[in-house]
Amino acid sequence: MMQDYALLRPVGTDRRSARSGVRQAAAFVAAGSLLAALLVVAATGSMRPVETGESAVSADLNDKFLQASGSGPSGNDFLSRLQDIWFVESNGGRADLAADATEMATSLLVAGFPGDMKEAIDVKTNPCDDFYEFACGKWDAEHSDKIADYKSQVAFSWDRADKNIRTSMTKILQEDAGPAGAYYRSCMDLDHIEAVGDTQLQPWIKFVDAISDKAGLVTAMTEFNKHDMDNFFTWGLDTDNRDSTRKSFSIEQGGMTLPDNTYYLEESDVMRGHREMMKKVIGKFFTMIGRGATADTEAQMILDFETKLAGIRVDRTESRQDQGTPTTWQHMNELMPYWPWKQWLQELGSCTAPPDGSAKVCTEDHLKVRMVGAPGETPLYISNENFFPKLNTLLEGTQLETVKALLRWKIIRKVALYMPANWIDLMVEWNADLYGTSAKSPRDRKCYYSTSSGAAWPMAKLYLDNVFHTENRDAALSMLELIRAQFYATLPTEKWMTQEDRSAAQDKLQAMFFQVAYPTDKEGNTHWPKDTFDMDGKMGADFMTNFMLKERLSIEKDFDEIAKAPNRRSWGGNSPLEVNAFYGPDANGLWIPAGILQSPFFDAGNSDARNFGSIGSVLGHEMSHGFDDNGRLYDKRGELHDWWSKSTVANYKTRSTCIADLFSTYKVAGRSVNGKYTLGEDSADSGGLKFAYEAFIKKTARSDEDRRGFFTSF
């Protein structure tokens, strides 16, 4: 997955861009020799090409810069600056004159760039000293205090592309007669939302209130699970990473309210403040649902439990490396005897009506779900195994009333953003503490994003049918093949790999499939998934009800397909509307959504330099994920096994360690980056840039300006 450089809203401390100083590239002609050439041009009045040692400045570029700068009222000042620069060149003069020389040289080097690119560039920064500041510094400086109150960050390229989609789709959603339009309008109908209040939530609260023993708790937990709400542990269905012809059922450690273990365990003023705000917010929400008498007590119970949970969770760096292990229900009982696993599985597979009285979305029990882990059936996997005995001890010592408080909080968090204004106001108050936002998002903007997640596939089809330029897909496919060809040609030169491993890596690269813009089958024909049409005729007037129905339908689809062979080309939880890109190690495929195949990432009117430097680097990034510290574990079929020799693996680890160590030296808001945790993305950034650039320069002859444009577009 690609990640853009972005400006983050400061929260309790002064922050610069998280990526500042990270992207470094030395691709520019030395300023001194170039400025010497300018002196010659200015002194002679000639606009002919002037040789500058190893470089030549074209007459066309000289014309653009010198004619603009040496004429008019400011012309004399320009010539004076040239004289000062000559002094610097001749005598190693003052630092301020050297800075002036850098600014003028950089201005000349980017003179031919598109206007919107130049708007981001800080010409006062030497690109060989700090490439990020050069490429993005002006934009950063101009936008650092312009982050909207309802946003936690702004990102140059991604925000522009996202806004393009939002602008075009909002009018379409207003008029659409299908499920996407109905979902959007239910969100926009504030009068109805206020009139309904928490009516749809109260049946869930009463459902939790009625729990009196462990059997009732298991029943409640499965109903939460069927609406994609996990407690204590998470579970899911996916392609079996050891046999790509079937699915697997996996169980792993659960999450918490706050973003990371650190928020619970670190004894700093900042983290203590976040915990106090969490208690305050929970107390207010519990008061709003009629539990004012016990609100503060329950809030403290929730915080205490989650703090203990944070103390037993597997570290996220270690968890990222856990690919799951085949297991049995007997072993699960040994690890965590407190939980009746088979009873939970039986009830999970039952066809039931939701607690709020909504109609069933199933017609019969899911027998194949109930048979998970049995011989010949869907295999059972476990991740974070060491977590479960500790969770068992924690639950054995936890009162039922605490667990019920946790369930109440779970459903409140689930639906808070789909409720009346006072609920949204409280979420804004909380987000101000966590992320620095201090205002509600404009309602049409909120409803656009709610619909893009709640009715993702119907909305994606609307975008593809009405807005997307299909020629962009053809161009992306062509670029992907050029980058793959360059990647393929490079592998035989990697001497740290054995010959057999190089050949196997080439086979994997050649077998990698591409899903570009929209879903297609093996033959390349458009193939819209079942999710596109499942919501037809099911959306009503209630915003929260529509949301919860969407969640139930998603789980039901997984249950219906549990025994079917995986569709390797499935988009999973992503959609063509996203401004992003993805690689799936268990499928060995790339997904490039239509949302990112637009300006500024790609445009038919852009130069090759800009297109390869932006979308080309994204495509190369995703391709490189197939060989990062996680992707390398999977073979060409997306199956997990040791397909590299021990010597190649050892050499890989040695070489990748230098990337992890480098990124661990960077700090954001005074905190060190965890280079081991970010290694996959950092490796893919490096590989993506390398292979996109090599494909770019091999496609045709490139000028120095083309090369500069490529790196600045990254």
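Numbering of residues begins from 1 in every chain and follows the order in which that chain's sequence is written. Only residues with pLDDT of at least 70 get local features here, since the model is predicted, and only at 80 or more are side-chain atom pairs given and counted; chain-wide, interface and lining totals rely on the full set of residues. Side-chain metrics rest on all non-hydrogen atoms present in the structure, leaving aside hydrogens and water.

### As for the overall build of the protein
Reasoning step 1: Numbering of helices and strands starts at the N terminus; helices are DSSP runs of H or I of at least 4 residues and strands are runs of E of at least 2. Of the regular secondary structure elements, the protein holds 30 helices and 13 strands.
Reasoning step 2: Buried residues are those whose accessible area, probed at 1.4 Å on protein chains only, stays under 20% of the maximum for their type, while exposed residues exceed 50% and partly exposed ones sit between those limits. The buried share among the 714 residues of the protein stands at 53%.
Reasoning step 3: Note on definitions: a residue-residue contact is assigned when non-hydrogen atoms from the two residues lie within 4.5 Å. Restricting to contacts in the protein with at least 6 residues of sequence separation, those with at least 24 account for 71%.
Reasoning step 4: With an accessible surface of roughly 30,800 Å², the protein has 50% of that area assigned to carbon and sulfur atoms. Per-residue and other accessible areas follow the Shrake-Rupley method at a 1.4 Å probe size, with only the shown protein chains counted as cover for residues.

### Focus on the nonpolar core
Reasoning step 1: F249, I251, W344 and F388 are the most contacted members of the largest nonpolar core, which has 167 residues in total.
Reasoning step 2: Discounting chain neighbours no more than four positions away, the residues touching F388 are F233, I251, E252, Q253, M332, L335, M336, W341, I382 and S383.
Reasoning step 3: Counting residues in each nonpolar core, the second largest holds 5 residues, with W139, I147, V154 and F156 among its members. We call a set of buried Ala, Val, Leu, Ile, Met, Phe, Trp, Tyr and Cys residues a nonpolar core when their side-chain atoms join them within 4.5 Å.

### As for unusual backbone geometry
Reasoning step 1: Cis geometry marks the peptide bond from S599 to P600, where omega comes out at 5 degrees.
Reasoning step 2: Even without being a glycine, F232 presents a positive backbone phi close to 75 degrees.
Reasoning step 3: Residue placement: F232 occurs in the loop between α11 (214-225) and β5 (233-239).
Reasoning step 4: Classification of F232 by relative accessible area gives buried; the value is 8%.

### What about helix α13 (residues 269-288)?
Residues separated by three or four positions in an α-helix point in the same direction, a consequence of the helix having 3.6 residues per turn.
Reasoning step 1: For a helix, the expected span equals 1.5 Å multiplied by the number of residues minus one. Here α13 spans 29 Å end to end across 20 residues, near enough to the 28 Å set by a 1.5 Å rise per residue.
Reasoning step 2: Within the sequence span of α13, burial applies to M271, H274, R275, M277, M278, K279, V281, I282, G283, F285 and F286.
Reasoning step 3: Each element contacted by the buried residues of α13 is listed here: α12 (261-265), α14 (295-312), α20 (400-415), α21 (421-435) and β13 (671-672).
Reasoning step 4: Among the residues trailing α13, G290 stands out with phi positive, at a value near 95 degrees.

### Overview of the environment of L619
Reasoning step 1: Among the structural elements, L619 can be located in helix α27 (residues 608-624).
Reasoning step 2: On the accessibility criterion, L619 (0% relative accessible area) is buried.
Reasoning step 3: Residues within four places of L619 in sequence aside, it is in contact with A476, M479, L480, I483, L590 and I592.

### Remarks on the confidence of the model for the protein
Reasoning step 1: In this model, the protein carries a mean pLDDT of 88, and residues with pLDDT of at least 70 account for 86%.
Reasoning step 2: Per residue, pLDDT measures the predictor's confidence, with a range of 0 to 100. Throughout residues 8-63 the model reports pLDDT below 50, and contacts reaching past four residues in sequence, or to other chains, amount to 118 contacts.

### Comments concerning the state of the cysteines
Reasoning step 1: Disulfide assignment relies on a single distance test, namely cysteine sulfur atoms paired within 2.5 Å. The final tally for this structure, using the stated rule, is 2 disulfides.
Reasoning step 2: What pairs with C187 in a disulfide is C447, and their sulfur atoms sit 2.0 Å apart. With the S-S bond torsion at -80 degrees, the cross-link from C187 to C447 turns out left-handed. You can see C187 sitting in helix α8 (residues 179-188) and its partner C447 sitting in helix α22 (residues 443-454), a full 260 residues away along the chain.
Reasoning step 3: Given the relative accessible area of 0%, C447 is considered buried.
Reasoning step 4: Between C351 and C362 runs a disulfide, and the two sulfur atoms are separated by 2.1 Å. Its torsion about the S-S bond being 100 degrees, the disulfide of C351 and C362 is classed as right-handed. One end of the pair, C351, is in the loop between α17 (341-348) and α18 (367-370); the other, C362, is in the loop between α17 and α18, and 11 residues separate them in sequence. Taken as a pair, C351 and C362 share a single burial class, namely buried.
Reasoning step 5: Going through the protein in sequence order and numbering each bonded cysteine, the pairs you get are 1-4, 2-3.

### A word on the pairing of strand β6 (residues 247-253)
As a general feature of sheets, a regular strand has side chains that alternate between the two faces.
Reasoning step 1: Counting buried residues along β6, 5 of its 7 residues qualify, which places the element largely inside the surrounding structure.
Reasoning step 2: Being paired, for any two strands, means DSSP has found at least two bridges between them. Sheet topology note: the β6/strand β8 (residues 380-382) ladder contains 3 bridges and is parallel. Counterpart to I251 in the pairing with β8 is I382.

### Description of the side chain of D140
Reasoning step 1: The residue D140 is located in helix α6 (residues 131-143) in this model.
Reasoning step 2: A distance of 3.1 Å separates a polar atom in the side chain of D140 from a polar atom in the side chain of Y132. For the purposes of these results, a polar contact is taken to be a pair of N or O atoms within 3.5 Å, where, inside protein, one atom must be able to donate a hydrogen and its partner to accept one; residues adjacent in sequence count only when each atom of the pair is a side-chain atom.

### Looking at the packing of α13 against α20
Reasoning step 1: Two elements in contact, α13 and α20, have axes whose closest approach is 11 Å; the angle formed by their N-to-C orientations is 85 degrees. The orientation of α13 relative to α20 falls into the category roughly perpendicular. Every residue of α20 that contacts α13 at V281, I282, F285 and F286 is listed here: A405, R408, W409 and I412.
Reasoning step 2: Counted by class, the contact of α13 with α20 contains 7 nonpolar, no polar and 1 charged residues. Lines are fitted to the C-alpha atoms to define the axes, a helix being fitted only along its stretch in contact, and any angle between axes, read from their N-to-C directions, falls within 0 to 180 degrees. Throughout, the term roughly parallel applies to angles under 35 degrees, roughly antiparallel to angles over 145, roughly perpendicular to angles from 65 to 115, and oblique to all others. Lys, Arg, Asp and Glu make up the charged group, whereas Ala, Val, Leu, Ile, Met, Phe, Trp, Tyr, Cys and Pro make up the nonpolar group; the residues left over, Gly among them, are polar.

### Structural notes on the sheet that holds β8
Reasoning step 1: As summarised here, the arrangement of the 4 strands in space is β5-β6-β8-β7, forming an open sheet in which the pairing is mixed. At either end of the open sheet lies a strand with only one pairing partner, and these are β5 and β7 (325-327). Neighbour-to-neighbour, the strand axes of the sheet open up by a mean angle of 35 degrees, direction not taken into account.
Reasoning step 2: Two strands pair when backbone bridges link them, and β5 and β6 are joined in this way by 7 bridges, in the antiparallel orientation. Bridge assignment links T239 to a residue of β6, and that residue is K247.

### Observations regarding the packing of α14 against helix α19 (residues 387-396)
Reasoning step 1: Between α14 and α19, whose axes approach to 10 Å, the crossing angle comes to 155 degrees. It follows that α14 is roughly antiparallel to α19 by the angle criterion. The interaxial crossing formed by α14 with α19 has right-handed handedness. Between α14 and α19, the contacting residues are F305, K308, L309 and I312 on the first element and F387, K390, L391, L394 and L395 on the second.
Reasoning step 2: Looking at side-chain class alone, the contact of α14 with α19 contains 7 nonpolar, no polar and 2 charged residues. Note: crossing handedness is left-handed where the near helix turns anticlockwise from the far helix by less than a right angle, and right-handed where it turns clockwise.

### Description of the pattern of salt bridges
Reasoning step 1: For salt bridges, the criterion is a side-chain nitrogen of Lys or Arg within 4 Å of an Asp or Glu carboxyl oxygen. Taken as a whole and assessed by the stated rule, the structure comprises 37 salt bridges.
Reasoning step 2: Measuring nitrogen to oxygen at the nearest pair gives 3.1 Å for the salt bridge that ties K699 to D608. Remark: D608 occurs in helix α27 and K699 occurs in helix α29 (residues 679-699); sequence separation between them is 91 residues.
Reasoning step 3: A relative accessible area of 45% places K699 in the partly exposed class.

### Examining the packing of aromatic side chains
Reasoning step 1: In this analysis, rings of Phe, Tyr and Trp, with Trp reduced to its six-membered ring, are considered paired at centre separations within 6.5 Å, and the interplanar angle assigns stacked below 30 degrees, edge-to-face beyond 60, and tilted for intermediate values. Per the counting criterion, the structure on display carries 41 aromatic pairs.
Reasoning step 2: Considering the side-chain rings of F233 and W344, the 5.3 Å spacing of their centres and the 80 degrees angle between planes classify their relative orientation as edge-to-face. Taken together, the positions of F233 in strand β5 and W344 in helix α17 put the pair 111 residues apart, joining distant regions of the chain. Accessibility assignment for this pair places F233 and W344 in one class, buried.
Reasoning step 3: Look at Y693 and F710: their rings are 5.1 Å apart centre to centre, the planes differ by 55 degrees, and that puts the pair in the tilted class. Of the two residues, Y693 sits in helix α29 while F710 sits in helix α30 (residues 704-713), which places them 17 residues apart along the sequence.
Reasoning step 4: Grouping aromatic residues by their ring pairs yields a cluster made of F233, W235, F249, W329, W339, W341, W344, F387, F388 and F559.
Reasoning step 5: A cation sits over an aromatic face here: R316 above Y677, 4.4 Å from the ring centre. Placement of a positive charge over a ring is assigned whenever Lys NZ or Arg CZ falls within 6 Å of the ring centre and within 35 degrees of the normal to the ring plane.

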